[in-house]
Amino acid sequence: VLNRYPGFTVEKALQFYRVNCFEDSFLKKIKHALLLAGLPSRGDSSDMKRVQTMPARLAPVNGTLLEYMDIGKGEPIVFVHGAFADYRAWGYYEAPISEKHRFISYSQRYFGTRAWPENFGSVNLDTYADDLATFIEYLDSGPVHLVTWSFSGRVGSLMSLKRPDLLKSAIHFEPVA
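The rules we used
- Residues numbered from 1 in each chain as written.
- Predicted model: local features only at pLDDT ≥ 70, side-chain atom pairs only at ≥ 80, totals over all residues.
- Heavy atoms only, no water.
- Phe/Tyr/Trp six-rings, centres within 6.5 Å; stacked < 30°, edge-to-face > 60°.
- Helix = DSSP H or I, 4+ residues; strand = E, 2+ residues; numbered from the N terminus.
- Buried < 20%, exposed > 50% of the residue type's maximum accessible area, 1.4 Å probe, protein only.
- Salt bridge = Lys/Arg side-chain N within 4 Å of Asp/Glu carboxyl O.
- Polar contact = N/O pair within 3.5 Å; in protein donor to acceptor, adjacent residues only side chain to side chain.
- Contact = heavy atoms within 4.5 Å.
- Pairing = 2+ DSSP bridges.
- Axes fitted to C-alpha atoms, helices over the stretch in contact; angles between N-to-C directions.
- Patch = residues over 30% accessible without salt bridge, like charges linked within 9 Å, V, L, I, M, F, W, Y side chains within 5 Å.
- Areas by Shrake-Rupley, 256 points an atom, 1.4 Å probe, with all protein chains shown as cover.

S.K.: Help me understand the packing of aromatic side chains, please; the structure alone is not making it clear to me.
M.R.: Using the criterion set out here, one finds 12 aromatic pairs in the structure. For the pair Phe-79 and Phe-103, a centre-to-centre distance of 5.0 Å together with 35° between the ring planes defines the contact as tilted. On the criterion of sequence distance, the pair formed by Phe-79 in strand 3 (residues 76-80) and Phe-103 in strand 4 (residues 102-106) is long-range, its members being 24 residues apart. The buried category is assigned to Phe-103, whose relative accessible area is 1%.

What follows is the structure, encoded as structure tokens:
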């Protein structure tokens, strides 16, 4: 692991498993195994409740606040999750991508850990595409590489038709068409 991802730690592994909703009893076992295997630790993870992912930032987008991660330097790559997920769905790729690029993942409207409003209003595919375009403009980094997954493939495709100036490239993984 360290040859492929220098700087990877026990806590980073525990963050990954925490995001994927593994029980604390499993986290304790995997921690022990990783320490035996020689993976370094960057701090105290004795209390599994304290193992958390890096806190998300908030971007004001079209009248709402969207959670996002922005890690690393270099060309920006924006990752957009599918249905039943949020910005954390891309956590596995955070370390390797952010070594050479700017890793950015965000939660679309009505996804993620933030409370949803009681009155949703009218939301459709155009809303999500407009949110994505506004989010990319908010980053103020020029055109980005876009990676979408499942439901967000439709969002990314529609946004790229409306605003091709915001993209350098786009990859749609398992797009729902």
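Back to the text.
S.K.: Would you explain the pattern of salt bridges in this entry?
M.R.: Between side chains of opposite charge, a pair can form as their charged atoms come close. Taken as a whole, this structure holds nine salt bridges when the rule is applied. The residue Glu-75 makes a salt bridge to Lys-168 at a minimum N-O spacing of 2.9 Å. Of this pair, Glu-75 sits in the loop between strand 2 (64-71) and strand 3 while Lys-168 sits in strand 6 (residues 167-173), and the two are 93 residues apart along the sequence. Across the salt bridge formed by Arg-109 and Asp-131, the nearest N and O atoms sit 2.8 Å from each other. A residue pair is termed long-range when its members are at least 10 positions apart, and Arg-109 in the loop between strand 4 and helix 4 (125-139) and Asp-131 in helix 4 qualify at 22 residues. The class for Arg-109 is buried, based on a relative accessible area of 11%. Each of Arg-57, Asp-70 and Arg-102 takes part in a single network of salt bridges with overlapping partners.

S.K.: Sorry, what's going on with the side chain of Ser-105 here?
M.R.: Tracing the sequence through the fold places Ser-105 in strand 4. A relative accessible area of 1% places Ser-105 in the buried class. Within polar-contact distance, the side chain of Ser-105 engages the backbone oxygen of Tyr-87 at 3.1 Å. Aside from chain neighbours lying at most four places away, what touches Ser-105 is Glu-67, Tyr-68, Met-69, Phe-79, Tyr-87 and Trp-90.

S.K.: Would you mind showing me how to read the sheet that holds strand 1 (residues 57-61) here?
M.R.: One open sheet holds the six strands; their spatial order is 1-2-4-3-5-6, and the pairing between them is mixed. A strand with exactly one partner marks an edge of an open sheet, and here the two such strands are strand 1 and strand 6. Taken pair by pair, the neighbouring strands of this sheet meet at an average axis angle of 25°, ignoring direction. Bridging between strand 3 and strand 5 (residues 144-149) involves four bridges; their strand directions are parallel. Residue pairing in the sheet places Ile-77 in a bridge with His-145 of strand 5.

S.K.: How do you make sense of a nonpolar patch on the surface when you look at a structure like this?
M.R.: On the surface, Phe-16, Tyr-92 and Tyr-93 cluster together into a nonpolar patch covering about 300 Å² of accessible area. Mapped onto the elements, Tyr-92 comes out in helix 3 (residues 91-98).

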